[in-house]
Number of protein chains: 2
Amino acid sequence: MEKNNSSLLEQQKFMKLAIAEARQAKILDEVPIGAIVVHNGQVIGRGHNMREKFQDVTYHAEMLAIMEACANMGSWRLEDCDLYVTLEPCIMCSGAIINARIKNVYYGAADPKAGAVDSLYHLLNDSRLNHQVNVYSGILGDECSQMLKNFFREIRRRRKEARRKNRTNL
Amino acid sequence: MEKNNSSLLEQQKFMKLAIAEARQAKILDEVPIGAIVVHNGQVIGRGHNMREKFQDVTYHAEMLAIMEACANMGSWRLEDCDLYVTLEPCIMCSGAIINARIKNVYYGAADPKAGAVDSLYHLLNDSRLNHQVNVYSGILGDECSQMLKNFFREIRRRRKEARRKNRTNL
């Protein structure tokens, strides 16, 4: 985690709200990822992954939180805003974060396969682009990571159970 | 431009539809960028830049075309689909293209400042990701590029005119 202006307690407070969003995704049987956008200490955008429910590839938690924040701010520029997200953003969401000129991004768990902030790329800190973002990683990282692990373990368990039932019915 | 299965005439036919979308953006005083998504020779998604009108940072031409295509296909997976866009996609749109598993991307003009397909990155051909995209550049490139140049020339002319009027009124 890098040096940061906001206190650790504040970061954890907002990450807990992002985790609450992720739980909403889990209820829908979606991969549990949640995000919020904060401006002057107020939550102005919330989102949780709803890709499967709406069969829309753009319905990532961050995108939905950013869209709501734009609507609430009446502006596509979110210059003094912070984004909290339970999982390291992918390429698409990193692009939206840059385009919106978000100031600080706080994420929980790393995503070694598709993360574009630290894992595969460092898109939020490319000096060739007209905006760079401060990045803080590992905020409640264990909790965020455990939620995803539990979700995928449950998926595997259900699949195994379904295969077992299929075999029994043959 | 790389070797390609579809004929040059077909590529131009679809790029003209993307250009027609870009003209719709121009009518709204938006940066004229247009995109379409094609499946089995049929247009299943259209979009033009509407970022200013809706003050939504995600309202790029490609995103809107992809969202419409997902709705029409009833799926977030656009595996056998092609995307035509008048300008080289940015990071956000490149991410959406990868996430949607679009097969081929045809673009018109290059974007040296923010293009993430060839100019700043080669995001659509990253072997670490679970999907790669065939890229064909320069389709009606001059026409796509000229439309953007004309738009920005007109913006500069209007600004100059406004400054002149302001000086006169002082």
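Residues numbered from 1 in each chain as written. Chains lettered and ligands numbered in written order. Predicted model: local features only at pLDDT ≥ 70, side-chain atom pairs only at ≥ 80, totals over all residues. Heavy atoms only, no water.

Visitor: It is not clear to me how the interface of chain B and chain A should be interpreted in this structure. Could you clarify?
Guide: Frequently, the measure chosen for interface size is the accessible area that the parts lose on association. The interface of chain B with chain A comprises 30 residues on the first partner and 30 residues on the second. Summed over both sides, the interface between chain B and chain A buries roughly 2700 Å², with carbon and sulfur atoms accounting for 66% of that surface. One can count eight residue pairs in polar contact (both at pLDDT 80 or more) joining chain B with chain A. When residues of the side of chain B that touches chain A are traced back to their parent elements, those giving at least two are helix H2 (51-54), helix H3 (61-73) and helix H4 (91-99) of chain B. For the side of chain B that touches chain A, the leading source of residues is H4(B), giving six residues. Of the residues that constitute the side of chain B that touches chain A, the class distribution is 17 nonpolar, seven polar and six charged. (Contact = heavy atoms within 4.5 Å. Buried area = accessible area lost by both parts, 1.4 Å probe. Polar contact = N/O pair within 3.5 Å; in protein donor to acceptor, adjacent residues only side chain to side chain. Helix = DSSP H or I, 4+ residues; strand = E, 2+ residues; numbered from the N terminus. Nonpolar A, V, L, I, M, F, W, Y, C, P; charged D, E, K, R; others polar.)

Visitor: How should I be thinking about unusual backbone geometry in this particular structure?
Guide: Across residues other than glycine, the phi torsion is negative in most instances, and most of the peptide bonds are trans. Residues and elements named next belong to chain A. Positive phi values are uncommon outside glycine, yet Asn-40 reaches one of about 50°. Summarising the element assignment, Asn-40 is placed in the loop between strand E1 (34-39) and strand E2 (42-48). Positive phi outside glycine occurs at Arg-101, with the angle close to 60°. Within the secondary structure layout, Arg-101 lies in the loop between helix H4 (91-99) and strand E4 (104-109). A relative accessible area of 23% means that Arg-101 is categorised as partly exposed. (Buried < 20%, exposed > 50% of the residue type's maximum accessible area, 1.4 Å probe, protein only.)

Visitor: Help me understand the environment of Gly108(B), please; the structure alone is not making it clear to me.
Guide: All names here are of chain B. Structurally, Gly-108 is set in strand E4 (residues 104-109). C-alpha separation for the pair Gly-108 and Gly-34, spaced 74 residues apart in sequence, amounts to 10 Å. Dropping the residues within four chain positions of it, Gly-108 is found in contact with Met-15, Val-85, Thr-86, Leu-87, Gly-138, Ile-139, Gly-141 and Cys-144.

Visitor: How should I be thinking about the packing of aromatic side chains in this particular structure?
Guide: Centre distance and the angle of the planes are the two values used to describe a pair of aromatic rings. Counted under the stated rule, the structure contains 11 aromatic pairs over all chains. Relative to Tyr59(A), the ring of Phe54(A) lies with its centre 5.3 Å away and its plane at 55°, an arrangement referred to as tilted. On the basis of relative accessible area, Phe54(A) is assigned to the partly exposed category, the value being 44%. Seen in terms of ring centroids, Tyr121(A) and Tyr121(B) are 5.7 Å apart; in terms of plane orientation they differ by 85°. Their pairing is edge-to-face. Here Tyr121(A) is found in the loop between E4 and strand E5 (134-136), whereas its partner Tyr121(B) is found in the loop between E4 and strand E5 (134-136) on a different chain. Residue Tyr121(B) is classed as buried on the basis of its relative accessible area of 13%. Taken together through their ring pairs, the aromatic side chains of Phe14(A), Tyr84(A), Tyr106(A) and Tyr136(A) make up a single cluster. The ring of Trp76(B) has Arg51(A) sitting right over it, with the charged end atom 3.7 Å from the ring centre. (Phe/Tyr/Trp six-rings, centres within 6.5 Å; stacked < 30°, edge-to-face > 60°. Lys NZ or Arg CZ within 6 Å of the ring centre and 35° of its normal.)

Visitor: When you look at the relation of the copies chain B and chain A in this model, what are you seeing that I'm missing?
Guide: When chain B is fitted onto chain A, the two copies agree to an RMSD of 0.0 Å after a turn of 180° and an axial shift of 0.0 Å. Seen this way, the second copy is the image of the first under a two-fold rotation axis. Taking C-alpha positions as the reference, the residue of chain B nearest the rotation axis is Met92(B), at 2.0 Å. Mapped onto chain A, 100% of the interface residues of chain B are again interface residues, and the two copies thus contact each other with one and the same surface. (Least-squares fit on C-alpha atoms with pLDDT ≥ 70 in both.)

Visitor: Quick question: what am I supposed to make of the sheet that holds strand E2 (residues 42-48) of chain B here?
Guide: Note on sheets: strands pair through backbone hydrogen bonds, and any given pair is parallel or antiparallel. Residues and elements named next belong to chain B. As summarised here, the arrangement of the five strands in space is E2-E1-E3-E4-E5, forming an open sheet in which the pairing is mixed. The outermost strands of the open sheet, each flanked by one partner alone, are E2 and E5. The sheet shows a mean angle of 15° between the axes of neighbouring strands, direction not considered. Strand direction decides the pairing type here: strand E3 (residues 81-87) and E4, joined by five bridges, are parallel. Counted as the bridge partner of Leu-83 is Val-105 from E4. Packed on one face of the sheet, helix H5 (residues 141-169) meets E3 and E4 and runs near 55° to E4. (Pairing = 2+ DSSP bridges. Axes fitted to C-alpha atoms, helices over the stretch in contact; angles between N-to-C directions.)

Visitor: Help me understand the UniProt feature "domain: CMP/dCMP-type deaminase" (unreviewed entry) in chain A, please; the structure alone is not making it clear to me.
Guide: Feature annotation in UniProt places "domain: CMP/dCMP-type deaminase" (unreviewed entry) on residues 9-118 of chain A, given in this structure's numbering. The span residues 9-118 of chain A shows a helical share of 41% and a strand share of 24%, and its end C-alpha atoms are spaced 23 Å apart. (UniProt positions renumbered as here; feature names shortened; annotations may be inferred.)

Visitor: Honestly, the pairing of E4(A) in this entry has me stumped. Any pointers?
Guide: The side chains of a regular strand alternate between both faces of the sheet. Residue and element names in this part refer to chain A. The element E4 is largely enclosed, with a buried count of six among its six residues. The parallel pair strand E3 (residues 81-87) and E4 is bridged by H4, and the resulting crossover is right-handed. Pairing of E4 with E5 involves three bridges; the strand directions are parallel. Residue pairing across strands places Tyr-106 opposite Tyr-136, the latter belonging to E5. (Right-handed = clockwise from strand over helix to strand, strands pointing away.)

Visitor: Explain the UniProt feature "binding site: Zn(2+)" (unreviewed entry) in chain A to me, please; I cannot follow it from the model alone.
Guide: The feature "binding site: Zn(2+)" (unreviewed entry), as annotated in UniProt, sits at His60(A), Cys90(A) and Cys93(A) in this numbering. On the basis of their most widely separated C-alpha atoms, the annotated residues across 34 residues gather in one place, lying no more than 9.3 Å apart. Among the secondary structure elements, His60(A) is positioned in the loop between helix H2 (51-54) and helix H3 (61-73). Classification of His60(A) by relative accessible area gives buried; the value is 16%. Discounting residues that sit within four places of it in the chain, His60(A) has contacts with Asn49(A), Cys90(A), Met92(A), Cys93(A) and Asn99(B). The residue Cys93(A) is located in helix H4 in this model. According to the relative accessible area criterion, Cys93(A) is buried, its value standing at 0%. Those residues in contact with Cys93(A), other than ones at most four positions away along the chain, are His60(A), Glu62(A) and Met63(A).

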